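One letter stands for each residue in the lines below.
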Amino acid sequence: MFPCQDGVLLVPAVLPIYIPAHVFGLTVAEWLNLQPSREVTPWSRFRAPPGTPRLRPGDYTHVSSTRGVKIHYTGGPIPADIAGPKKHKLCVQLVHQIQQMHMSGGRGEKYIDIGYNLICCPHSYVFIGRGAHRVPAANGPGLNSQHYAVLALVGDSGFTKPNDAMLHALRDAIEYLRDKGDAGNEIKGHRDGYATSCPGGPLYAWVRAGAPRPDEPVEKPIRLVYKDSVPVWPGRVIKLTDPYMQGNDVHAWQHKLRKRGWTIDVDGVYGPQSKAVCAGYQEKVGVKPTGVIDEETWDITWS
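Everything numeric in this text was worked out from a predicted model, so none of it was measured. (Residues numbered from 1 in each chain as written. Predicted model: local features only at pLDDT ≥ 70, side-chain atom pairs only at ≥ 80, totals over all residues. Heavy atoms only, no water.)

### Brief notes about the nonpolar core
Ranked by size, the top nonpolar core spans 48 residues in total, and within it Ile71, Val150, Leu153, Leu170, Leu177 and Leu203 carry the most contacts. Looking at this core, the elements that each hand over two or more residues are β5 (66-72), α1 (88-103), β7 (118-120), β8 (126-128), β9 (147-152), α2 (164-181), β11 (183-189) and α3 (201-208). At eight residues, the largest contribution of residues to this core is made by α2. Leave out the neighbours within four places in its chain, and Leu203 touches Ile71, His72, Tyr73, Ala152, Val154, Pro162, Leu167 and Leu170. Leu224, Ala252, Trp253 and Val277 belong to the second-largest nonpolar core, a separate cluster that totals 16 residues. (Core = buried A, V, L, I, M, F, W, Y, C linked by side-chain atoms within 4.5 Å. Buried < 20%, exposed > 50% of the residue type's maximum accessible area, 1.4 Å probe, protein only. Helix = DSSP H or I, 4+ residues; strand = E, 2+ residues; numbered from the N terminus. Contact = heavy atoms within 4.5 Å.)

### Let's talk about the pattern of salt bridges
Scanning the model with the defined rule gives seven salt bridges in all. For Glu175, the salt bridge goes to Arg213, with nearest N and O atoms at 3.1 Å. Highlighted residues: Glu175 in helix α2 and Arg213 in the loop between α3 and β12 (226-227), separated in sequence by 38 residues. Take Glu175: its relative accessible area is 33%, and that puts it in the partly exposed class. Its relative accessible area of 22% is what places Arg213 among the partly exposed residues. Among the ionic pairs, Asp249 bridges to Arg236, the shortest N-O distance being 2.6 Å. Of this pair, Asp249 sits in helix α4 (residues 248-259) while Arg236 sits in the loop between β13 (230-231) and β14 (245-246), placing them 13 residues apart in sequence. Exposure remark for Arg236: the relative accessible area of 14% places this residue in the buried category. (Salt bridge = Lys/Arg side-chain N within 4 Å of Asp/Glu carboxyl O.)

### Considerations on the environment of Lys161
Mapped onto the elements, Lys161 comes out in the loop between β10 (157-158) and α2. Discounting chain neighbours no more than four positions away, the residues touching Lys161 are Val154 and Pro202.

Rendered as structure tokens:
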């Protein structure tokens, strides 16, 4: 079995992008999710909302190549705090809501799936919607086969300006579509060639500037390696910092402590509660109660 995290099935990167729906009892329209990284691996999969129909690859209209990519925004309110360290679940919910809206006719016609090829959130994640080599439904009549459609989860109120993490995700999405979808070099806003305010002032200014990648890199995710079903020490010391540390290693440790009977939130974020639980556990097992998860504490947790 593959490890799970917050209801997400972590699929090894060596598997193909398209995995038949029957393998995991999921639908093709469910969300593949890329960990925040310069690379587009590893893959994860979110469960689709109830009632999502099962789609087959042949249900989409194929496109061999495009001139490039068009950038979109939601055009509605986005929670101002959506980029917070514990708010990624809001992004997942929002993507599902957009999919449901598109498929129920909220755009004036019912789409077979979400209208975008990729969706980017302010935590550096890239969601695969329709994916590469599939015509989107978001650019406007007569324009969909010319460019892929990439949505940034910014709106016209609340969270309106993309942060660096989102800009990295957008660049990852563009490079992915060039590599996997034969997208050309054009990077445009939705308003280019279509009467709309999309993708909003701040995001369109970035597009007009050439869609540069921010100078500051996004920290790559921690990838856990399992040996005999036990996660090997990931190599970093986990402690209370500002902002809080987060990642797969934090989540795995929290999950193990909960299984041991400790009251702890399993959210992948190492906050004050996690530090207090860590110190209590260390004291119980005879380790100096520092509240810091070093290699010794990590190994004892699974001993």
